[in-house]
Every structure is written in structure tokens, then in C-alpha cells.
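Now for the letters of each chain:
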Amino acid sequence: MDYTASYHFLKKAFRQDSAKLLHTANGCSIEQYTFHSPPPLTMKGLSIENHFPADFHLQDDHQISENCTFTYPVFTPEGQHSFSNALILLHGLNERNWTKYLPWAQKLAENLHRPVILFPISFHMNRSPSDWSNPRLMSAMLPGTRLRNHRNHSSTFVNLALSLRLSLQPLRFFTSGSQSARDLEILINAIQTGQHPLFEKGAHVDFFAYSIGAFLAQIMMLTYGESMLSDSRLFMFCGGAPFSSMNGVSKLIMDEEAFLRLRFFYLHQYEREIRSKGSFSNLVQSQPASGAFRAMLDASILSEWRKDRFHKMENRIKAIALKRDKVIPPAGIAELLNSKQLQVIDYASDYTHENPFPLTGNQDLVNYHFDMIFDSAIAFLK
């Protein structure tokens, strides 16, 4: 089954809220597993504004139960009950459903003959309230919030929740990422110790990471690449740049106000706050991945430490970038990866970062490009 056929089949068949085992057409099954995440980091007492519209449920991240107990889907090759290899697929920023990634996971599971875990980043996918992706509610809120700033040409009901959350409290980018890193550590530990029902003790773990998921995976490799991930491989698609070389302004990601607030905070204010000895510094430095996060903000920060660690993992990290990607351009990825690790491609489809395999136009061509990229990933991860 080619990419487009797989996409349409899986989009119709898959339900995130269903516990029923789903059998795909290509010899895989999809099953949901429950995960319990430790509470997110507290931001009480920190001097960052936190004022939200009264009818919007953003008051306290600890009150969002969906973020702490959730399910994640796993594509598993049929005919086997225990596996010695796992692949974790990490998604992009401001995603609320797995539809785009279902044929990706299908292709990887089918050809690598291992389970592919689609793991949601904190406050994304089914880890967020349904209100955040409610078109009617979000559209009604736009005039009284983002559209008051006439520079917000990219404000939409799709990116409203994330734009409000990050512009009004930019530290959420760090706290959400820290929770996601802790969750991955817990998941990987369960896989490697044989506590996950699908895997044998000592199972090997690799990553396929897209967009901001690549940013998170790089932080995991910098933090644990010489310990629990000492033999892990990372394949990145449309990702791999430091934060300073990303452009998150998109009708599907965040608006101008949010991105400018985020850039100012992390590229100008963050380092000063860390060097202080207040509650902010204590919160940040208490996290295992805080050093790696800092090193991924800008190529000039902790550069020797980052270069040394990535150099040791040179043969375990590869990326494919799209030439016309405006969100995470190839030049940004090249700041951290060498020419042997990074492949830049272009193709005739009218793609974007957010939609690298458009379901319009010449479908044979899209199928070809999809296979080209994923065959490269499969060859690297085997």
C-alpha cells in the first residue's frame, strides 16, 4: 500500500480514544497504552505574567488532567509478541492529532520489523483539553485576544491556544519540554528493563523525530547519549536546528506575537535569569536536561560541550532537510550537523514544513518522495 492509500485508510480507521486493537492492511496492529506522567514543573512564585481570558482553561498547568494521564498508540508488526528493538516517533509543535503521522509509523514498523511508539509531547495531541482545538470556541476568542495586535497576521483558531500560552508565559516552552524529557526517560527505562509489555529486557531504543520533536530528541541525546541512550540512533526529518535558527510563525504553529515573545525570552533574558540565584535559576537547574536545553537554544551557547558530545555520536545521528522549509531551514540544521550527517533535498510537490507530503497534485510523485525519505530513514535505523 502506497503513502496516499495508507493515509486515507488509517485516517478513517484510527481513533485516538479507542482501546480496541486495530489491524492495518500491511501486517501491523495499533494498540493504545496508558502512561502516567509526573506533574509538570510548578511556576508559582516566578515573576512571569500569567493572565488569561476568564473562559479559557489556562490558569494552572497542574489542573490539566489530560496532560498527566493519557494513552499513546503503538504500531506493532503482527506475528510476534516480544521485541528487542523499539522506535520512538516524536512529532511537531502544536499538533492535536496523529493523522499525519499514521502512514509514517506504518511504513517504519513494517520495514524495520519493530514497534513504533507515537509518543505525545507535553500538552500536545491528546495531552491537552479538547477546548484548545475547538474551532468555534477558538475562533470566537480571536477578536478579543490576538487580533487586537494588528501585527498578528498568522493568528488562527488552530494556533490560538499555543500562542496564548507561550506569549503570556514563555517559560512553558522549557517546563513542557522538561516534562516531555522526563516522560521519555521513564518510557525508555521501562522498555530497557523489560517492564513494557512489548519489549524484552535490554531492548534497544532509537528515534525518528520531526520538527520540534527533533529538538527534543537532540536534548535527549545530549543528556543521555553516553548512558541510557549510548547505542541509540536518531533520524531527524525537517528538524535539527538550534532554537535561534527556527521560525515558528505559522497559521498552524504560532502567531507573530508569541514567537517574538519566545525569541526575546530565550535568546536575551534566559541566560541572565539562569546566572541569578533566584527561584527561576533553581527551577531550571534542577532538571537533568537543562544543560542540553541551553546548548540547543543558540549555537554559541555551551558550544564546545555540545560539539564534543555530538561529535562522539556523529555516526548515530542523521537528518534530511527540505530545501524550501521556512520553519526549520537547512542552513540552521547545518549549524549543528556536518555534511555527512545532513542531506538537503527538494522536490516538485508544493510542500511546506507543516505539510511535507501534500495530498493534492501528482500523487505518484508524492508517493515517490515519501518512499525516498523513509527508505533513507529505514536504511539508517536498521
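Going by the structure above, here's the rest.
No experiment lies behind these values; they were computed from the predicted model shown.

Asker: Explain the packing of helix α1 (residues 3-13) against helix α2 (residues 102-112) here, please?
Answerer: Angle between the axes and distance between the axes: these two values describe a pair of packed helices. Put simply, α1 and α2 touch, their axes get as near as 8 Å, and they point 115° apart. You can see that α1 and α2 cross each other, and the crossing is right-handed. Contacts between α1 and α2 involve Tyr3, Ser6, Tyr7, Leu10 and Lys11 from the former and Leu102, Pro103, Trp104 and Gln106 from the latter. Here the residues of the contact of α1 with α2 are counted per class, giving 6 nonpolar, 2 polar and 1 charged.

Asker: Could you clarify how one ought to interpret the environment of asparagine 247 in this entry?
Answerer: Note that asparagine 247 resides in the loop between β7 (234-237) and α7 (256-275). A relative accessible area of 31% places asparagine 247 in the partly exposed class. Between the C-alpha atoms of asparagine 247 and valine 327, which are 80 residues apart in sequence, the distance is 4.6 Å. Leaving out residues up to four positions away in the same chain, asparagine 247 has contacts with Phe259, Lys326 and Val327. Separated by 3.3 Å, the side chain of asparagine 247 and the backbone nitrogen of valine 249 make a polar contact.

Asker: Would you mind showing me how to read the side chain of arginine 127 here?
Answerer: By the secondary structure assignment, arginine 127 is in the loop between β5 (116-118) and α3 (135-141). Judged by relative accessible area, which is 0%, arginine 127 ranks as buried. For arginine 127, the side chain forms a polar contact with the main-chain oxygen of asparagine 67, separated by 2.8 Å. In this structure the side chain of arginine 127 is engaged in a polar contact, spanning 2.9 Å, whose partner is the side chain of aspartate 183. Discounting chain neighbours no more than four positions away, the residues touching arginine 127 are Ser37, Ile64, Glu66, Asn67, Phe70, Phe119, Pro120, Ile121, Ser122, Gln179 and Asp183.

Asker: In this structure, what is going on with the nonpolar core? I would like to understand it.
Answerer: Note on soluble globular proteins: their nonpolar side chains tend to be buried together. Core analysis: the largest hydrophobic core is formed by 77 residues, its most contacted members being Ile88, Phe119, Tyr266 and Tyr270. For this core, the element with the most residues is helix α6 (residues 212-224), which contributes 10 residues. When near neighbours in sequence (up to four residues on either side) are disregarded, tyrosine 270 contacts Phe174, Phe265, Phe280, Val284, Phe293, Arg294 and Leu297. Membership of the second largest hydrophobic core comes to 40 residues, among which are Ile30, Tyr101, Cys238 and Ile345.

Asker: Which parts of the structure should I look at to understand α1?
Answerer: Where α1 is concerned, the buried positions are Tyr3, Thr4, Ser6, Tyr7 and Leu10. Around the axis of α1, the buried residues are gathered within 160° of arc, so they sit on the same side. Each element contacted by the buried residues of α1 is listed here: β2 (28-36), β3 (69-77), α2 and α12 (363-381).

Asker: Which parts of the structure should I look at to understand the packing of aromatic side chains?
Answerer: The relation between two aromatic rings is expressed through the spacing of the ring centres and the mutual angle of the planes. This structure, assessed with the given rule, holds 41 aromatic pairs. For the pair phenylalanine 357 and phenylalanine 370, a centre-to-centre distance of 5.2 Å together with 80° between the ring planes defines the contact as edge-to-face. Residue phenylalanine 357 is found in the loop between β9 (342-345) and α12, and its partner phenylalanine 370 is found in helix α12; the two are separated by 13 residues along the sequence. When sorted by exposure, phenylalanine 357 lands in the same class as phenylalanine 370, which is buried. If you follow arginine 165 out to its NZ or CZ, it ends over the ring of phenylalanine 123, 4.4 Å from the centre. A cation sits over an aromatic face here: arginine 233 above phenylalanine 380, 4.7 Å from the ring centre.

Asker: Sorry, what's going on with helix α10 (residues 303-312) here?
Answerer: Count 3.6 residues to each turn of an α-helix, and residues three or four apart come out pointing the same way. Those residues of α10 that fall on the buried side of the exposure criterion are Ser303, Arg306, Arg309 and Phe310. One side of α10 carries all its buried residues, which in axial view fall inside an arc of 140°. Residues of α10 that are exposed and angled more than 90 degrees away from the buried face: Glu304, His311 and Lys312. Here the buried face of α10 lies against α6, α9 (290-295) and β8 (317-322).

Asker: Sorry, what's going on with the pairing of strand β6 (residues 199-210) here?
Answerer: The side chains of a regular strand alternate between the sheet's two faces. The element β6 is extensively covered by neighbouring structure, given that 9 of its 12 residues are classed as buried. Both strand β4 (residues 83-90) and β6 contribute to a ladder of 7 bridges, which runs parallel. Bridge assignment links phenylalanine 83 to a residue of β6, and that residue is phenylalanine 199. Strand direction decides the pairing type here: β6 and β7, joined by 4 bridges, are parallel. Considered in β7, the bridge of phenylalanine 207 is made with leucine 234. The parallel pair β6 and β7, bridged by α6, forms a crossover whose chirality is right-handed.

Asker: Explanation requested: unusual backbone geometry in the structure shown.
Answerer: The phi angle of most residues is negative, glycine excepted, and most peptide bonds adopt the trans form. A positive phi angle, close to 55°, is found at serine 211, a residue other than glycine. Looking at the element boundaries, serine 211 is found in the loop between β6 and α6. Even without glycine at this site, cysteine 238 takes up a positive phi of about 55°. Mapped onto the fold, cysteine 238 is located in the loop between β7 and α7.

Asker: Can you help me understand the pairing of β7 in this one?
Answerer: Residue alternation in β7 divides its side chains into two sets, Leu234 and Met236 and Phe235 and Phe237, and both sets are buried. Note: β7 against β8, 4 bridges, orientation parallel. Paired with leucine 234 across the two strands is isoleucine 317, which belongs to β8.

How each quantity is defined
Residues numbered from 1 in each chain as written. Predicted model: local features only at pLDDT ≥ 70, side-chain atom pairs only at ≥ 80, totals over all residues. Heavy atoms only, no water. Axes fitted to C-alpha atoms, helices over the stretch in contact; angles between N-to-C directions. Helix = DSSP H or I, 4+ residues; strand = E, 2+ residues; numbered from the N terminus. Left-handed = near helix turned anticlockwise from the far one by under 90°. Contact = heavy atoms within 4.5 Å. Nonpolar A, V, L, I, M, F, W, Y, C, P; charged D, E, K, R; others polar. Buried < 20%, exposed > 50% of the residue type's maximum accessible area, 1.4 Å probe, protein only. Polar contact = N/O pair within 3.5 Å; in protein donor to acceptor, adjacent residues only side chain to side chain. Core = buried A, V, L, I, M, F, W, Y, C linked by side-chain atoms within 4.5 Å. Arc of directions from axis to C-beta. Phe/Tyr/Trp six-rings, centres within 6.5 Å; stacked < 30°, edge-to-face > 60°. Lys NZ or Arg CZ within 6 Å of the ring centre and 35° of its normal. Pairing = 2+ DSSP bridges. Right-handed = clockwise from strand over helix to strand, strands pointing away.

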